Amino acid sequence: MESNKDEALKCLAIAQKHRNAGNYASAKRFCQKSLTLFSTSEAVKMLEVIEVEYTEAESSSQSQSQAAGSSSAEARSSAAEAHPSAAGARHRHGGESSKAEGKAKVNGDAGGSGAQKKRDYTPENVAVVERVRKCKVTEYYEILSVKRECDEGEVKKAYRKLALALHPDKNGAPGADEAFKMVSKAFQVLSDPQKRAIYDQHGSDPESRFSGMSSGRSEPSFSGATFRNAGGFEGELSPEDLFNMFFGGGGMNMNGGSFGGGPFGGPIFTASFGPGGFRSTRMRANVPREQPPAEPRSIWVQLLPLFLLFAFSLLNALPNLFSTAPTPDPRFTFNPTSRYNVERTTNGMHVKYHVNAAEFSGHPIAAELARNENKPGPALRKFESNVERAYTQDLFAQCQRGIDHKQRRKDQEVGLFGIGTDWEKVRKIEQEPIESCNKLRSLGLLN
């Protein structure tokens, strides 16, 4: 499962530590645990390497035991002349030594045959190697078989396909290693926007151009290569490191090199392939430098946003602090009751409404009427406008309900297909007046 992949990589790192310390039994155990959690090609490769090294270590230790046994046997033979009773012990130890020697010989043969295993290949492997090697080392687009206007996704897709086909573990054809290096170099250049722009402009290796090297046909060199897109490394990257980072290898050398940390810290293995041969180095991921502690800001500067927010809220509330709250309009109804016993008529549409005498006389509107000698003022006009709006809205609602009721009666009378319908009755229903609609027509609000 993908959720166990991180734990598997941790077990693989612990196995590498035990392997470096010479504790091959623990290294083998943790490597097998990593394969149980999540099977990866790196774990399989490391397990093979550990088993070979474990066998060689046992062979060397048994050889040393055999040499020590031979010297002790000579000493015992000389001592046996003086002590005949030691002959039986000498015979017993001699048998054990011969058994250890036979076991060491078998293990040595097994280790040698594993180290000299021949690499197989198919005609398809040969074809892809020949196609890549026919290209010049700086024909990066031709090496990856992509167009010049391709995007980064197409470059990654082409590299993934060729890297899997040319990897030394999967392709043993002659020249596969060089083809794998050429594909890795092409991907490093075309996947970096800055290097790709320089290459598109000059047509030569951007790294060789800056280092003063010739851009002609030469062995592909990866010294000084930079891989920023895969995790922020600055330094040398081998084709194997590039392959492992691209496919999630975590920085382990699949050819038996050292196993380092991931892209977030710790040593990682790097290598340089070039005319000078194979050169391996160790490097560390970029660790951000500690920034000097910033000077503490004043407490007043930190509280300044709160002060500004409080001041803005206070300015918005000032008009309400120094003004009286508006008095609500007096309550009214369109039908007279014992509570609403004073009838009034609006000055616009002449709508009759009723108010409470005590409430209306104590309202500022009554005081305004007294000052204006019963002439309507702004407060009364605003109040009566609200009364007329409520009246017309009520009439519109009643009119709509009346129209809907009339339509339902007509539909019920006509039926589904109008068979046997009393059309005289239908016409009477249509001619029935709707009082609320008629009032709206009289007010000029309905056609």
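Scroll up for the structure.
Residues numbered from 1 in each chain as written. Predicted model: local features only at pLDDT ≥ 70, side-chain atom pairs only at ≥ 80, totals over all residues. Heavy atoms only, no water.

Asks: Got a minute to help me understand the sheet that holds strand 7 (residues 352–355) in this structure?
Replies: Backbone hydrogen bonds hold the strands of a sheet together, and the pairing may be parallel or antiparallel. If you trace the three strands from one edge of the open sheet to the other, you get 5-7-6, paired in antiparallel fashion. One side of each edge strand has no neighbouring strand; the edge strands of this open sheet are strand 5 (332–333) and strand 6 (342–345). As paired elements, strand 6 and strand 7 share four bridges and run antiparallel to each other. Paired with Thr345 across the two strands is Lys352, which belongs to strand 7. (Pairing = 2+ DSSP bridges. Helix = DSSP H or I, 4+ residues; strand = E, 2+ residues; numbered from the N terminus.)

Asks: Hey, could you run me through unusual backbone geometry in this one?
Replies: One can expect most non-glycine residues to show negative phi and most peptide bonds to be in trans. At His350, a residue that is not glycine, the phi angle is positive and equals roughly 60 degrees. Checked against the element boundaries, His350 lands in the loop between strand 6 and strand 7. Although it is not a glycine, Asn374 adopts a positive phi angle of roughly 60 degrees. Within the secondary structure, Asn374 is located in the loop between helix 14 (364–371) and helix 15 (378–414). Residue Asn374 is classed as exposed on the basis of its relative accessible area of 65%. (Buried < 20%, exposed > 50% of the residue type's maximum accessible area, 1.4 Å probe, protein only.)

Asks: It is not clear to me how the side chain of Ser34 should be interpreted in this structure. Could you clarify?
Replies: With respect to the element layout, Ser34 can be found in helix 2 (residues 24–37). The buried category is assigned to Ser34, whose relative accessible area is 1%. If we skip the residues at most four places from it in the chain, Ser34 touches Ala8, Cys11, Leu12, Ser39 and Ala43. (Contact = heavy atoms within 4.5 Å.)

Asks: Explain the state of the cysteines to me, please; I cannot follow it from the model alone.
Replies: In a disulfide, the sulfur atoms of two cysteines are covalently bonded to one another. Overall, the coordinates contain one disulfide when judged by the stated rule. With a sulfur-sulfur separation of 1.8 Å, Cys399 is cross-linked through a disulfide to Cys437. The sign of the S-S torsion, about 100 degrees, decides the handedness of the disulfide formed by Cys399 and Cys437: right-handed. Of this pair, Cys399 sits in helix 15 while Cys437 sits in helix 17 (residues 435–442), placing them 38 residues apart in sequence. By the burial criterion, Cys399 is buried, and Cys437 matches it. The thiol of Cys31 is not disulfide-bonded; the next cysteine sulfur, from Cys11, is found 9.7 Å away. Note on Cys31: relative accessible area 0%, which makes it buried. (Disulfide = S-S within 2.5 Å.)

Asks: Is there a simple way to think about the nonpolar core in this case?
Replies: It is characteristic of soluble globular proteins that their nonpolar side chains tend to be buried jointly. If you look at the biggest cluster of nonpolar residues, it comprises 29 residues, and the most contacted ones within it are Ile143, Leu144, Leu166, Val183 and Leu190. Listing elements by their share of this core, those giving two or more residues are helix 5 (123–133), helix 6 (140–144), helix 7 (152–166) and helix 8 (176–190). Apart from the residues within four sequence positions on either side, Val183 is in contact with Val132, Ile143, Leu144, Tyr159, Leu162, Ala163 and Leu166. Counting residues in hydrophobic clusters, the runner-up holds nine residues, among them Cys31, Ala43, Met46 and Ile50. (Core = buried A, V, L, I, M, F, W, Y, C linked by side-chain atoms within 4.5 Å.)

Asks: Is there a simple way to think about the packing of helix 1 (residues 5–20) against helix 2 in this case?
Replies: For any two helices packed against each other, the geometry comes down to the angle between their axes and how far apart the axes lie. Here helix 1 crosses helix 2 at 165 degrees, and the two axes come no closer than 8 Å. Between helix 1 and helix 2, the interaxial angle falls into the category roughly antiparallel. Along this stretch, helix 1 crosses helix 2, giving a crossing that reads as left-handed. Residues Glu7, Ala8, Cys11, Leu12, Ile14, Ala15, His18 and Arg19 of helix 1 lie in contact with helix 2, whose contacting residues are Tyr24, Ser26, Ala27, Phe30, Cys31, Lys33, Ser34 and Leu37. Residue classes in the contact of helix 1 with helix 2 are distributed as ten nonpolar, three polar and three charged. (Axes fitted to C-alpha atoms, helices over the stretch in contact; angles between N-to-C directions. Parallel < 35°, antiparallel > 145°, perpendicular 65-115°, else oblique. Left-handed = near helix turned anticlockwise from the far one by under 90°. Nonpolar A, V, L, I, M, F, W, Y, C, P; charged D, E, K, R; others polar.)

Asks: Mind showing me how you'd approach helix 17 here?
Replies: Residues that lie three or four places apart on an α-helix share one face, since the helix turns once every 3.6 residues. All buried positions along helix 17 are accounted for by Ser436, Cys437 and Leu440. Buried residues in helix 17, looked at end-on, bunch into an arc of 100 degrees, giving them a common side. For helix 17, the exposed residues lying more than 90 degrees away from the buried face are Glu435 and Ser442. Packing partners of the buried residues in helix 17 comprise helix 15. One or two positions beyond helix 17, positive phi appears at Gly444, with a value near 75 degrees. (Arc of directions from axis to C-beta.)

Asks: Any chance you could explain the pattern of salt bridges here in plain terms?
Replies: Side chains that carry opposite charge are capable of pairing whenever their charged atoms lie near each other. What the rule picks out here adds up to 14 salt bridges. The shortest N-O distance in the salt bridge between Lys45 and Asp169 comes to 3.9 Å. One end of the pair, Lys45, is in helix 3 (residues 41–82); the other, Asp169, is in the loop between helix 7 and helix 8, with 124 residues separating them in the sequence. Residue classification places Asp169 among the partly exposed residues on the basis of a relative accessible area of 36%. Ionic pairing is found between Asp200 and Arg148, a salt bridge with its closest N-O pair at 3.7 Å. Separated by 52 residues along the polypeptide, Asp200 in helix 9 (residues 193–202) and Arg148 in the loop between helix 6 and helix 7 bring together distant segments of the chain. Overall, the relative accessible area of 39% leaves Asp200 in the partly exposed class. (Salt bridge = Lys/Arg side-chain N within 4 Å of Asp/Glu carboxyl O.)

Any functional reading would require information that these geometric values do not contain.
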